[in-house]
Amino acid sequence: MSQQTTHIKIQGDIEDYEDAEEEQDEEEPRLKYQRMGGSVPSLLSNDAATCLAVAQRMIALGTRNGFIHILDFLGNQVKEFPAHSAAVNDLCFDIEGDFIGSCSDDGSAIVTSLFTKEKLKFDYYRPMKAIALDPYYAKRSSRRFVAGGLAGHLYINTKRWIGYGDQVLHSGEGPIHAVKWRTNLIAWANDAGVKVYDSANNQRITFIERPRGSPFPEILLPHLVWQDDSLLVIGWGTSVKIALIRTNQNKSTNGPYRHIMANMNKVDIVASFQTSYYVSGIAPFGDTLVVLAYIPGEEDREKEFSNSIPLRQANAQRPEVRVVTWNNEELATDALPVHGFEHYKTKDYSLVHSPFSGSSFAGGQWTAGDEPLYYIVSPKDVIIAKPRDAEDHISWLLEHGCHKKALEAVEAGKGQSELIDEVGSRYLDHLVVERKYAEVASLCPKLLRGSTSAWERWVFHFAHLRQLPVLVPYIPTENPRLRDTAYEVTLVALATTPAFHKDLLSTIKSWPPVIYSVMPVIAVIEPQLNSSSMTDALKEALAELYVIDAQYEKAVALYAELMKPNVFDFIEKHNLHDVIREKVVQLMMIDCKLAVALLVQHRHFITPSEVVSQILAAKNNCDSRYFSHMYLHLLFEADPHAGKEFHDMQVELYADYDPKMLIPFFRSSQHYKLEKAHEICLSRDLLREQVFILGRMGYAKKALAVIINKLGDVEEAVDFVTMQHDDELWDELIRQCLQKPEMVGMLLEHTVGNIDPLYIVNLVPTGLEIPRLRDHLVKIITDYRTETSLRHGCKDILKADIVNLLIKYYKEARHAIYLSNEEDEVRAKRDDSNASQLTERSLSMKNMEVKSKVRAGGRCCVCFDPFSIQNVSIIVFYCCHAYHLTCLVESANSVNDNKRSKAASQEVVSYYEYDHSEDESDNDHSSSSAPKMRCILCTTAAGGV
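Residues numbered from 1 in each chain as written. Predicted model: local features only at pLDDT ≥ 70, side-chain atom pairs only at ≥ 80, totals over all residues. Heavy atoms only, no water.

Peer 1: Which parts of the structure should I look at to understand the packing of aromatic side chains?
Peer 2: Between two aromatic rings, the relevant description is the distance of the centres plus the angle of the planes. Throughout the structure, instances matching the rule amount to 22 aromatic pairs. Consider the rings of F666 and F692, whose centres lie 6.1 Å apart with planes at 15°: the pair is stacked. A residue pair is termed long-range when its members are at least 10 positions apart, and F666 in helix α21 (residues 662-668) and F692 in helix α23 (residues 687-697) qualify at 26 residues. For the pair F666 and F692, one class covers both residues: buried. Clustering of aromatic rings is evident, with ring pairs tying together F636, Y654, F665, F666, Y672 and F692. One residue, K702, lies across the ring of Y699, its end atom 4.8 Å from the ring centre. (Phe/Tyr/Trp six-rings, centres within 6.5 Å; stacked < 30°, edge-to-face > 60°. Helix = DSSP H or I, 4+ residues; strand = E, 2+ residues; numbered from the N terminus. Buried < 20%, exposed > 50% of the residue type's maximum accessible area, 1.4 Å probe, protein only. Lys NZ or Arg CZ within 6 Å of the ring centre and 35° of its normal.)

Peer 1: How should the sheet that holds strand β12 (residues 145-149) be read in this particular structure?
Peer 2: Two pairing modes exist for strands in a sheet, parallel and antiparallel, and in both the strands are linked by backbone hydrogen bonds. Pairing within the open sheet is antiparallel, and its 4 strands lie in the order β11-β12-β13-β14. In the strand order of this sheet, the two ends are held by β11 (128-133) and β14 (164-170), each with one partner. Going across the sheet, the axis of each strand differs from the next one's by a mean of 25°, ignoring polarity. Here β11 pairs with β12 via 5 bridges, running antiparallel. Bridge pairing links L133 to F145 in β12. (Pairing = 2+ DSSP bridges. Axes fitted to C-alpha atoms, helices over the stretch in contact; angles between N-to-C directions.)

Peer 1: Before we go on, may I ask you to explain the sheet that holds strand β9 (residues 108-113) in this structure?
Peer 2: Strands sit in the order β7-β8-β9-β10 across an open sheet of 4 strands; the sheet is antiparallel. The sheet is open, and its two borders are formed by β7 (88-93) and β10 (119-123), each paired with just one other strand. Along the sheet, successive strands turn relative to each other by an average axial angle of 15°, direction set aside. Across 5 bridges, the pairing between strand β8 (residues 99-104) and β9 is antiparallel.

Peer 1: What should I look at first to understand the nonpolar core in this one?
Peer 2: Generally speaking, soluble globular proteins have nonpolar side chains that are buried together. Among the nonpolar cores identified, the biggest contains 87 residues, and L471, L504, Y516, I525, L587 and Y631 are the most heavily contacted of them. Apart from the residues lying within four places of it in its own chain, the contact partners of L504 are L491, L494, A495, I525, L538 and A541. L120, L133, A147 and Y155 belong to the second-largest nonpolar core, a separate cluster that totals 27 residues. (Core = buried A, V, L, I, M, F, W, Y, C linked by side-chain atoms within 4.5 Å. Contact = heavy atoms within 4.5 Å.)

Peer 1: Explanation requested: the pairing of strand β26 (residues 330-335) in the structure shown.
Peer 2: The side chains of a regular strand alternate between the sheet's two faces. Among the 6 residues that make up β26, 6 are buried, leaving the element largely enclosed by the rest of the structure. The turn joining strand β25 (residues 320-324) and β26, which pair antiparallel and follow one another in sequence, is formed by 5 residues; a positive phi near 65° is taken by N328.

Remember that the coordinates give geometry; whether it matters functionally is a separate question.
Put into structure tokens, the structure is as follows:
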């Protein structure tokens, strides 16, 4: 895939370069760049960088003058030592970063401890170009490293019992240009190609031939890098290869070479491609590659493929960092503004990366803290490249106007939280510029969140743009709650535009009243009441504001104008009965039944005359007659006399709207004119109503004629005549019925019990043919017999009831109530034990209530002394006569002996305290030998009779 070249402005203290012309569809960079600062610029001002190595804790920089500078990751120098007398060609850390190996054109290889004074120097007397320490150099006692150079020998140096010794791993194929050691695998490059050696098994694994047609290694150096423990990346000239070293898993080999074959590894070339540029450095980038590309000119190509050493010319192009796939698909290309790039050749650049501990790239994202760093080394510059993070991605999107994608990236959590406000604000500003106000409003809750100041800023900004109604549905009323002014400005903006009056109404209903002041909004709306801009929605909104401000009278007036059904509940809730005086017709037009019920209920506040007058005055705007009918009807049911002055009108209204109510009205009312009522009924052919009115007017015969001639209802005629109690009217009924033979039979049936049927039969002219006469006669006889039987049965029942009631009355009247004092009774018990029954059954005066009024005015009917219940006993008969017990006994006995008097007293008491049941009363009456006590006055009166 073709990829355009982007010229990068590196951050830091670097001169600005103008960007090249970019295509409209620009791809986002994969890497970002920064020139290493700190001590590096001053170090390279008098020297030139030749190589660089990276450990987990530090960076080592080799220079042309033979110095090694230990730097931190910001470029600040930590340590410096003059290692060589000529240019440092290669540097290498062990995996722990405790030791560093270096080699130089002075023919020496040095291994230096960074934390101790240990330092080993080995002289090979020929320029050394590459060195690699055992990754576990610090931990292993062998202290091995490999090095090679122009001599064409690859040495492996090992600590022995006495000193250190070199062993030649390979020679005879030209200078050693590069060497890399990973775990037990050592890879090196010479003029012939790339070889891999297994240091654990002491055997060579593979040989990868140098790409055909590639320049001499002295001009275009090969580059080796281990991507992980099994992948070796090779960049040589214009060729890139990726080799996979696989352990041999075949354990079934037999024969004398079984042990050797079982330990052999296999190598597969998993990727290979040609480039259009020279590879000055290569490194893994997740599942892709980062290539430092040098773009040669035609003249450069001819010189570089010749044996002669090319001269430096000031026409070289900027080096490029390209991100490519294993299929050579270019994903990104960045041109670097390196200092002095015009004079440099491909071998003047190198690319080093970290970390070394395998790939930390998974699912398209780098693990936090494990992002690789790439160091592009040139003689006067060290540029750091690293993957762009979420913030860089968002910034790039914003710079290129992709605000929506930037927001999506922030929401996906790819950016830090502090970016959300900035990205959101810039996105909203971008949408406002494009006049996408609705989209801006919908995004505000998500982007502004709980920021009060941000919300208020956008509210006033929308107000300035005259687009505030678009934002209203999204403005928060709590969390956060804005200042009162923000809400008031919003409501005023809605009120001044008729198109948004409905939004104003819904907003007022949904917003809590406590968040704003209603008076500024009311002041804006009230002047519009009589203008053309007034709408029903605005009226209702004003009514809602009146309610909030407790101006209920104004609110109910608007509700009535708007025909709102809830106005009735509103009136009752706030007790606004005085307001209905001027709103009778409006209320009825809203809901006639509710209005009538309200007016009737509060007829003391607004009189019937006021109601009817308003209804009649508005006859052109409503159905005034129907409203009058509904009101007067309910008023009459509630109070028949309340609207008596309108009863004549009510007769006509009933005749038009509810004729069935006329007769009940005629019967209940005495305040209508009979003549007018008759005219109304006559004009509307209301026959039964005519009959009632004629009867009340005294025209019974006319009423009877209407029943017979127009209604043809004999049964109703009989009922009418019966109610009149006029014998002459019966004759009139018979006379009129005789003129219609079909009515004679019905008359015979319905007059049973009122008039003798034989009387009617005798009046029937001879020869008059009466339909179904036999059936009528049979029914008359049957009804007569039934009536006679019922009369006899009722008579017998009545007689039996009379006798039973007289007997019951007689028995009840024979008994009296005995009243005494408890102390007297207790004293009587002490005097005579035979009186115990009297004492036990006597009634307490404190608990006894005399329920009969004594006719003697509270005096004894014998001695006429006033009663003193506390001292003497009293007997009260059901005839309402009362006596002292002693007076009654003395009057009942002809002998006044003290003993007999005492005995009689006990007997009388015993008699009056018997149970009132019939059996006991009868037995007592038959078996007692004592004289029976009766009321003296009643007995005397009866005897006198």
